[in-house]
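# Structural overview
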Amino acid sequence: YYGVHTFHAIEDPNNTYIDHIDCWGKFLSPQKVLLREVASSHAQYDEIEEVVDYFENIVNGYGEPWEIYRVYTPSNQPYTNSIILNNKVLVPITNSSWDDDALQSYQDAMPGYEVLGFTGSWESTDALHCRAKGIPDLEMLQIFHNPIDDQIDPQNFYNVESIIDDLSEYGLIDDELKVVWWIDEMDESEEITMSVWPQDIPDCYQADIPSQMSDVEIKYYISAIDLSGRVETLPIAGYFSFNAVGGVPVQDGDINMDESVNVLDVVL
């Protein structure tokens, strides 16, 4: 019905009455998943680690390995039963000595987001996400992007491809489709206006972050504005980052588009 053709069915590693994934795991993004962790003496240790092994051996929707984060729940704390709402992460806490570590796990996985802890009458299988739900904006401005991986060789540029879809159908403001990037050594960030790429993929835009002469960590995010007045960034808070290798492998090269395969070719 939804056009989804890949399904993953996982036995509940908690072995409880309610088979909800948020009782033991939380999808943080299309690339990241947070899984609970317990001591080896815990009754469900083997089952939980089997789930970890499972995610380590499958790929995400972009065909790449999942980024797996862990949160320690020695007394079955419901830390994975959280809500991600705009630029905030709302996490159930229990006045446990492990609360701060749990909040830090989210901060490590989602830099730039505001991570907030909330006490309540939580159960290990009934906490914040079980009791509240974010309501989507049906005319939202959506941005999809597979973050750039760490590099092992120098590159002429770092291509940022993104799908930007205005569900309001008011239209996008072309000059406001941007990649904002920086390195820590820069005084301020730089903006690059995105262009349509390639022509036969709807709503697809691209921009090139320039090569770097030394090994650095490049940080960036994508921003967009549509004619309805909606402003969106990806990620919603914080930034993406990757390690770039210094040097430029090709000093004089022409960048061409091979329309038959829709890829960039560097013509030496």
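Treat the numbers as computed from the prediction; the structure is a model and nothing was measured.

The rules behind the values
- Residues numbered from 1 in each chain as written.
- Predicted model: local features only at pLDDT ≥ 70, side-chain atom pairs only at ≥ 80, totals over all residues.
- Heavy atoms only, no water.
- Helix = DSSP H or I, 4+ residues; strand = E, 2+ residues; numbered from the N terminus.
- Buried < 20%, exposed > 50% of the residue type's maximum accessible area, 1.4 Å probe, protein only.
- Contact = heavy atoms within 4.5 Å.
- Pairing = 2+ DSSP bridges.
- Axes fitted to C-alpha atoms, helices over the stretch in contact; angles between N-to-C directions.

### Examining the overall build of the protein chain
Helix and strand counts for the protein chain come out as 3 helices and 17 strands. Structurally, the protein chain occupies a C-alpha span of about 60 × 40 × 40 Å along its principal axes. Split into buried and exposed, the 268 residues of the protein chain put 39% on the buried side. For the protein chain, restricting intrachain contacts to residue pairs at least 6 apart in sequence, the fraction spanning at least 24 positions comes to 65%.

### What about the environment of Y205?
You can see Y205 is positioned in strand β12 (residues 204–210). On a C-alpha basis, the gap between Y205 and T193 in space is 9.6 Å, while along the polypeptide they are 12 residues apart. Residues in contact with Y205, not counting those within four places in the same chain, are V160, E161, S162, I164, L172, L177, M194, S195, V196 and W197.

### Brief notes about the sheet that holds strand β1 (residues 25–27)
In a beta sheet, neighbouring strands pair by backbone hydrogen bonds and run either parallel or antiparallel. Taking strand neighbours across the sheet as the criterion, the 3 strands line up as β1-β2-β3 in an open arrangement whose pairing is mixed. At either margin of the open sheet sits one strand with a lone partner, and together these are β1 and β3 (67–72). On average, adjacent strands in this sheet sit at an angle of 20° to one another, irrespective of strand direction. Where strand β2 (residues 32–37) lies against β3, 6 bridges are found, and the strand directions are parallel. Bridging across to β3, L35 finds its partner in R70. Helix α1 (residues 45–56) contacts β1, β2 and β3 of the sheet and is inclined by roughly 165° relative to β3. Strands in contact with helix α2 (residues 99–109) are β2 and β3; relative to β3, the strand with the most contacts, it is inclined by about 165°.

### Some thoughts on the pairing of strand β6 (residues 114–118)
In this structure, strand β5 (residues 88–92) lies alongside β6, joined through 5 bridges in parallel fashion. By the bridge assignment for β6, V89 is matched with V115.

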